[in-house]
Structures are given as C-alpha cells and as structure tokens.
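These are the residues of each chain, in order.
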Amino acid sequence: MYDYLIVGAGLYGAVMAHEMKKRGQSVLVIDKRPQIAGNVYTKEVEGIHVHQYGAHIFHTNNKEVWDYVNQFATFNRFTNSPVANYHGELYSLPFNMYTFNKMWGVVTPKEAKEKIEAQRKEAGITEPKNLEEQAISLVGTDIYEKLIKGYTEKQWGRKCTELPSFIIKRLPVRFTFDNNYFNALYQGIPIGGYTKMVANMLEGIEVRLNVDYLENKDEYDSLAKKVIYTGPIDAYFNYKLGNLEYRSVRFETELLDEPNFQGNAAVNYTDSETPWTRIIEHKWFEFNDQPKTVISREYSSEWKLGDEPYYPVNDEKNGNLYKAYKELGEKEEKVIFGGRLGEYKYYDMDAVIAAALEKSRNV
Ligand SMILES: Cc1cc2nc3c(=O)[nH]c(=O)nc-3n(C[C@H](O)[C@H](O)[C@H](O)COP(=O)(O)OP(=O)(O)OC[C@H]3O[C@@H](n4cnc5c(N)ncnc54)[C@H](O)[C@@H]3O)c2cc1C
C-alpha cells in the first residue's frame, strides 16, 4: 500500500511526487506514455534534445520556482528572440526598434512612434469591430499586414475580419532595441534537456510507464491511500457530461543532414501562403554544434477526441462543462485533480510547478 498514487509523470506529477517523498510518504508514479516528463519531454536525436510536444522555454518571475527548478537542472542563458519571415523578409520579434528599422528605415523611437501614429490616423478606426481593425488601431497597417494578419488567420483558421477584437487587447510594442520576447526576470533551458530535469525530480521514486490508470482504475486505486490525478478530468468521468474541447497543433519533425537550417530556435511564417505557422530548430535552444539538425514545422489544427489535447478553449461552453466536472471531482474524496488536464487550465511551466508546490503544502 502506497500513501500516494500519482497518475502522470509530467511536471505537476513529478513535483508532487518529489515533495511527498521528501515528507516521508511512499509514492508510486504511473504514466500511460512510454516516457516521463509529460509535455515537456525532450527526446534525444543525434545529440539534440527535441521538444517532442512543442517548444518549451522556461521563464518566470517567481524566485521560489526558479530556485526550485535549479535544484534539478542548470539552466543555460537562452533568450527567446523569434524571427518573423514574411515572404523572405526577416523581422525581429516582438515588435521593437529592429523591426521598425527594417520595416520603414526609421532610426529613432520618435520616428517609429510617428510612423505608427500616422498609419493609425490614416486608417481612421475609432471603434474596432473585429481583430483586423483592432490590430491596425494598435500598430498601423504595415505591421498588421506583414506580421499579424497571415499568422493569426493560420492560427485560428478564420479571417481576421471574422475574429472578435478582444482577442488582442494589447500588442507588445517596444521602442527599444530589445528583442527578448519575455519580460520575465529568469529565463533559460535546462542543460541536458527537460527529461533529465524531470528524471532528477523523480530520483528514488518508483515509476511505471505504459500504464493507463483508467484502464485498470480499481486495481490502481486499491494500491494507494490517496490518488493525485493529472490526466484529463472529463476522461476520469468517462466523458459522462460530454467532452471538453482543446485547440491542437500538429508537428512535422525532420532530421536534416546540415548543421544550421535557419540560425534561430524559432522562425514564425507570418504570410498566409506558407501552410505552417512556424519552424523550430531544436539545437538552438542549447547552442549545440552537431553536424546535423532537427526541425519541426508547426501547423494549427482542429482538435478532435483522441488527438493530443494542447490548449484548453476558454469559452463559456467549456468553462461551464469544466465547472460541472470539477463539482463531480470534489466528491471524489480520495482523489486530487491537478495540472493542466486535471484542472482544464493553460498553465505555463512555472505556474504548474507553483500550483503543485502549493498543493503539496496543503495535503
Ligand atoms: C505547445 C505547447 C507549448 C508550450 N510551451 C511552453 C513554454 O514555452 N513555456 C512554458 O512555461 N510553458 C509552456 N507550455 C505549458 C507546459 O507544457 C505545461 O505547463 C506543462 O506541461 C504542464 O504539466 P502537467 O504535468 O500539468 O501536464 P502534462 O505534461 O500533460 O502531464 C500529464 C501526464 O499525465 C499522463 N496521463 C494522462 N492520462 C493518463 C492516464 N489515464 N493514465 C496514466 N497517465 C496519464 C500523460 O501521459 C502526461 O504524461 C506549453 C504548452 C503547449 C501545449
């Protein structure tokens, strides 16, 4: 009999397992995948750590979480500075002085502001009725046409004129030569990959892989006094109230026999014609010098039951359905629901770690 059965070896489950073990509790971790680390799993290919479930950049303002993860990994100095490719013209992201200089040849912040202001005025939008009008009223027509329109339409699968304006309340515009995408105090990638970091969290803890909890629920429940479940909450209840929806991403990953494909970890394709939204070149997260390289093209895709669930859909219908499942969950005395799937919530890595640490103090 274990004190805790932890379903899911992702970040939430691994932090919980580590904390419970530290408190002298016996723990068994199971995961239905053949590997640990959940969605932050990095697979080694030709010495390159490939982010199999999407590119993951650790960034946080939370000192406690930063100190916490640094017990399990040393972080490198990676700074997220994506590049936009619009029909072969390259622009720096997020929008900053390098972007404006390339776009218009302006040199000073004053000139850049004047240019944006002139385009906003010319568009004459007072009350934006859709995303297109909202974007133009924030950054003018050139940036909208070249850097926002195509990318956003690919992401949402709809025209910007058909998308509501509230999707972009603000846009990150910097009148400095700073192309660090995140404003976070701490940022980096664990040297050696995320899988190694999670393995260090799980050191000394029994982990069983390729095990689907829901297929043998009664048997696994009988093994422990408490269950921490980090899988989808609707799956736990066999979708009896209906299924929660997600937005999905499809990755096409390729090993190339060349050392440097695009010279940057992330290049966004902001035109409408290129079918993918961006290309990730994994080796640049860790400044590697292997003779080969691995790239992943990302495509936005509609999600259907059975696909990998990525981003929860924050609309009323799904919000209400989650609430109903949460109420059912509260009646399961032995079970704690946690993590991005258990709580149907978009969590960044630092937030999911903070949530697990908080929960571990309260159980
Ligand atoms: C495309 C994408 C990119 C992202 N990029 C970033 C980023 O750059 N920076 C950042 O901070 N955050 C990023 N995130 C968020 C990050 O992925 C999450 O914060 C984190 O993975 C959540 O961990 P988790 O443990 O809650 O979930 P998961 O990692 O999904 O772990 C849940 C685990 O439970 C297992 N499981 C589910 N059901 C069962 C079952 N029935 N039986 C056994 N096991 C089961 C699953 O196999 C999985 O391993 C990104 C998310 C996505 C989708």
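Preceding block: the structure.
Small disclaimer: the values here were computed from a predicted structure and weren't measured. Residue positions are given per chain, counting from 1 as you read along its sequence in written order. Thresholds applied to this predicted model are a pLDDT of at least 70 for local features of residues and 80 or more for the giving and counting of side-chain atom pairs; totals over whole chains, interfaces and linings are not thresholded and use all residues. Working from all heavy atoms in the structure, the side-chain values ignore hydrogens and water.

Trainee: Can you help me understand the environment of V106 in this one?
Mentor: Going along the chain from the N terminus, every DSSP run of H or I of four or more residues is numbered as a helix, and every run of E of two or more is numbered as a strand. As for its position among the elements, V106 is in the loop between helix 3 (97–104) and helix 4 (109–123). Residue exposure (1.4 Å probe, protein chains only): buried if accessible area is under 20% of the type maximum, exposed if over 50%, otherwise partly exposed. Using a relative accessible area of 9% as the deciding quantity, one classes V106 as buried. With near-sequence residues (within four places) excluded, V106 lies in contact with F100, N101, E111 and A112. Any two residues having at least one pair of non-hydrogen atoms within 4.5 Å are treated as being in contact.

Trainee: Just checking my understanding: could you explain helix 6 (residues 141–156) for this structure?
Mentor: Helical periodicity: at 3.6 residues per turn, an α-helix aligns residues three or four positions apart in one direction. Working definition for bend: take the seven residues up to and ending at a residue and the seven starting at it, fit an axis to each, and measure the angle between the axes. A maximum bend of about 45 degrees is found in helix 6 at I148. Within helix 6 the residues assigned to the buried category are I143, Y144, L147, I148, G150, Y151, T152, E153 and K154. Within two residues after helix 6, G157 carries a phi angle of roughly 65 degrees, on the positive side.

Trainee: Where do I start with the pattern of salt bridges in this structure?
Mentor: Where charged atoms of side chains with opposite charge meet at close range, the side chains can pair. The rule for a salt bridge is simple: a side-chain nitrogen of Lys or Arg has to be within 4 Å of a carboxyl oxygen of Asp or Glu. A full pass over the atoms with the stated rule returns 21 salt bridges. The closest approach of N and O atoms between R208 and E206, which form a salt bridge, is 3.1 Å. Assessed through its relative accessible area of 29%, R208 is described here as partly exposed. E252 is the partner of R250 in a salt bridge, and the nearest nitrogen-oxygen pair spans 3.0 Å. By relative accessible area, which is 36% here, E252 ends up partly exposed. A single salt-bridge network, built from bridges that share partners, covers E19, K22 and R23.

Trainee: Would you explain the pairing of strand 3 (residues 42–45) in this entry?
Mentor: Looking down a regular strand, the side chains alternate between one sheet face and the other. Bridge count between strand 3 and strand 4 (residues 48–51): four bridges; the pairing is antiparallel. Considered in strand 4, the bridge of K43 is made with V50. The rule for pairing is simple: two strands pair if DSSP sees at least two bridges between them. Counting the residues in the hairpin turn of strand 3 and strand 4 gives two residues, including E46, whose phi is positive at 50 degrees.

Trainee: Honestly, the packing of aromatic side chains in this entry has me stumped. Any pointers?
Mentor: The description of an aromatic ring pair rests on the distance of the ring centres and on the angle between the ring planes. A pair of aromatic rings is counted whenever rings of Phe, Tyr or Trp (Trp by its six-membered ring) have centres within 6.5 Å, and the orientation is called stacked for planes under 30 degrees apart, edge-to-face for over 60 and tilted otherwise. Tallied over the entire structure, the rule returns 25 aromatic pairs. Taken together, a centroid distance of 5.3 Å and an interplanar angle of 10 degrees make the contact between W66 and Y186 stacked. One end of the pair, W66, is in helix 2 (residues 63–69); the other, Y186, is in strand 8 (residues 186–188), and 120 residues separate them in sequence. Like Y186, W66 is buried. Taking 5.9 Å as the distance between ring centres and 85 degrees as the angle between the ring planes, the aromatic pair formed by F251 and Y310 counts as edge-to-face.

Trainee: How should I be thinking about the site of the ligand in this particular structure?
Mentor: Taken together, 32 residues sit near the ligand, with D31, H56, R340, Y347 and M349 positioned nearest. Side-chain polar atom of D31 to an oxygen atom of the ligand: 2.6 Å apart, as the coordinates give it. Any pair of N or O atoms that falls within 3.5 Å is considered a polar contact. Within protein, one atom must be able to donate a hydrogen and the other to accept it, and sequence-neighbouring residues count only if both atoms are side-chain atoms. Between the ligand and K32, the relevant distance is 3.1 Å, taken from a nitrogen atom to a main-chain nitrogen or oxygen of the residue. Only the protein chains shown count as cover for residues, with accessible areas throughout obtained via the Shrake-Rupley method and a probe of 1.4 Å. If the ligand stood free it would expose 1,000 Å²; the protein chains cover 96% of that surface. Nearness is judged by heavy atoms alone; a residue qualifies as near a molecule or strand once a single heavy atom is within 4 Å of it.

Trainee: Could you clarify how one ought to interpret the sheet that holds strand 16 (residues 335–337) in this entry?
Mentor: Backbone hydrogen bonds are what pair the strands of a sheet, in a parallel or an antiparallel way. Pairing within the open sheet is parallel, and its five strands lie in the order 9-2-1-10-16. Among the strands making up the open sheet, the edge pair consists of strand 9 (206–208) and strand 16. Within the sheet, the average angular offset between the axes of one strand and its neighbour, ignoring direction, is 20 degrees. Relative to strand 16, strand 10 (residues 224–229) runs parallel, the two being bridged by three bridges. The residue bridging Y229 from the neighbouring strand is F337, located in strand 16. The axes are straight lines fitted to the C-alpha atoms, using for helices just the contacting stretch, and the angles between their N-to-C directions are given from 0 to 180°.

Trainee: Would you mind going over the sheet that holds strand 7 (residues 89–92) with me for this structure?
Mentor: Taken in spatial order, the seven strands make up an open sheet running 7-6-12-13-14-11-15, and their pairing is mixed. The sheet terminates laterally at strand 7 and strand 15 (311–312), the two strands that pair on one side only.

Trainee: In this structure, what is going on with the side chain of N85? I would like to understand it.
Mentor: Summarising the element assignment, N85 is placed in strand 6 (residues 83–86). Residue classification places N85 among the buried positions, given a relative accessible area of 14%. Within the structure, the side chain of N85 is placed 2.8 Å from the backbone nitrogen of G88, a separation counted as a polar contact.

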